[in-house]
Amino acid sequence: DTAGGPEATVMRVKVREAKRQKLILGVGVNTDTGLRFSMEHTEHQLPVIGWRAVTKLLYEQPKKSLGTEWTAPPDANLWRWRTSAQVAREESGSFEVDSLLLRAGRTRTTESVDRSYFLQYERARNTGTNPPPDANALSANYVWTRRDFDSRLFPTSGHGLSLDVGGGVTVGDTRYPFGRLVGKWLGYIPLGHPGGQADRNVARGTRIAARAELGAVLANEAANLPTTQLFLTGGDNTVRGYAYRSIGVTLPDGQTAAGRYLVVGSLELQRPIIIDGLTSAWDFVAFVDAGGVADKPQQLTAKVGVGAGAQWNSPIGPLQIDLAWGVATQKLRLNLSMGVLF
């Protein structure tokens, strides 16, 4: 009834119980990882314990994995118990890594801040020509993430910060303690609107998107660490102009391996495209990315990628297509990305 005031309108709402089980099949293609196939099964209420279980099978060119995650209902303070297990085969620089990951801990998710702490066991077995040695590790970890954007789907201002801190010991014939720290930051800096008065009535204007990522693993030089604890970079969402996870430590025989230190930075100009005096759903983008990996901080050298492209602000999130030039490789690469990853 629209005759009365909105505050007096009668609303009737019908709800029904969700199905206990859900199956999602996915297929796609990615400029980083090629053909992608996924199958995900959700059991919303496991017998006896009442937890939710999500089991996922993933196949893509550089990674094949099978994992399951079990999550308890939240308590009064929104904390949940969570446990997970995953087996995977993944390309790591010039080598292939078969890994096992076991994790158990608690997590809390709110509108702006996520927190989790957990114990983790991981095992990594490397294959290839003169591969790094196999390794096992046990660690305790804490992850804190804060997102303060004006929009989760189409951010134009604000920032996000994530800190991942862990420490543990290698497991095997020799045991060495180690620490691991990863920090990520993403910020949007508004610069104003490019068009006339009508254009100023829309929220999206010209802005700078800046990214930074730092990573370090602190351990004795003799410590044998799982490759999954170390760093590689390069690809659509890191250093464009380079193949996925192709930037690492160059070994004496010319192969690429994961390293103990990581630095990545990016600056991107995003400017709305004006059509007939109005802001369209498209943005012009131009960027410069840089990143490096090394086993010692003084050995870090940046590999630079520059390029330009366009971003379509689709109903389900930003879809971006770029052409990027790798300065070190002297090669041009096409990059596609969807959404804002943070």
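Everything here concerns the structure above.
Per-chain numbering applies: the sequence of each chain, read as written, is numbered from 1 onward. Since the coordinates come from a predicted model, pLDDT governs what is reported: local features require at least 70, and pairs of side-chain atoms require 80 or more to be given and counted, while whole-chain, interface and lining totals use all residues. Computation of side-chain values covers all heavy atoms of the structure but excludes hydrogens and water.

Draft legend 1. How the structure looks around the overall build of the protein chain. Of regular secondary structure, the protein chain possesses zero helices and 18 strands. The rule is simple: take the accessible area with a 1.4 Å probe, protein chains only, and divide by the maximum for that residue type; under 20% is buried, over 50% is exposed, in between is partly exposed. Counting only residues that meet the buried cut, the protein chain has 36% of its 342 residues in that class. We call two residues contacting when some pair of their heavy atoms lies within 4.5 Å. Residue pairs in contact within the protein chain that sit at least 24 positions apart in sequence constitute 52% of those at least 6 positions apart. Of the roughly 19,300 Å² of accessible surface on the protein chain, a fraction of 58% belongs to carbon and sulfur atoms. Comment: elements are numbered from the N terminus, with helices defined as DSSP H or I runs of at least four residues and strands as E runs of at least two. Residue burial considers only the protein chains on display, and all accessible areas are found by Shrake-Rupley using a 1.4 Å probe.

Draft legend 2. Broad picture of the layout of surface pockets. A cavity here means a set of 1 Å grid points, computed over protein atoms only, where a 1.4 Å probe fits but cannot escape. A pocket is an open set with protein on both sides within 12 Å along at least 5 of 7 lines, and lining residues have an atom within 4 Å of a point. Grid points are joined across faces, edges and corners, and a volume is the space filled by probe spheres set on the points. Empty space within the second largest pocket amounts to approximately 500 Å³. Lining of the second largest pocket is provided by 24 residues; of these, Glu221, Ala223, Leu230, Arg260 and Asp295 occupy positions nearest its centre. Here the element with the most residues in the lining of the second largest pocket is strand 11 (residues 206-219); it accounts for three residues.

Draft legend 3. Local environment of the pattern of salt bridges. For this analysis, a salt bridge means a side-chain nitrogen from Lys or Arg found within 4 Å of a carboxyl oxygen belonging to Asp or Glu. Overall, the coordinates contain 16 salt bridges when judged by the stated rule. Between Arg20 and Glu43 there is a salt bridge; the shortest N-O distance is 3.3 Å. Of the two residues, Arg20 is situated in the segment before strand 1 (21-30) and Glu43 in strand 2 (residues 34-43); the sequence distance between them amounts to 23 residues. The exposure class of Arg20 is partly exposed, given its relative accessible area of 46%. Close ionic contact of Asp98 with Arg89 constitutes a salt bridge, the shortest N to O distance being 2.6 Å. A relative accessible area of 40% means that Arg89 is categorised as partly exposed. Several salt bridges share partner residues, and in doing so they unite Arg211, Arg240, Glu268, Asp289 and Asp322 into one network.

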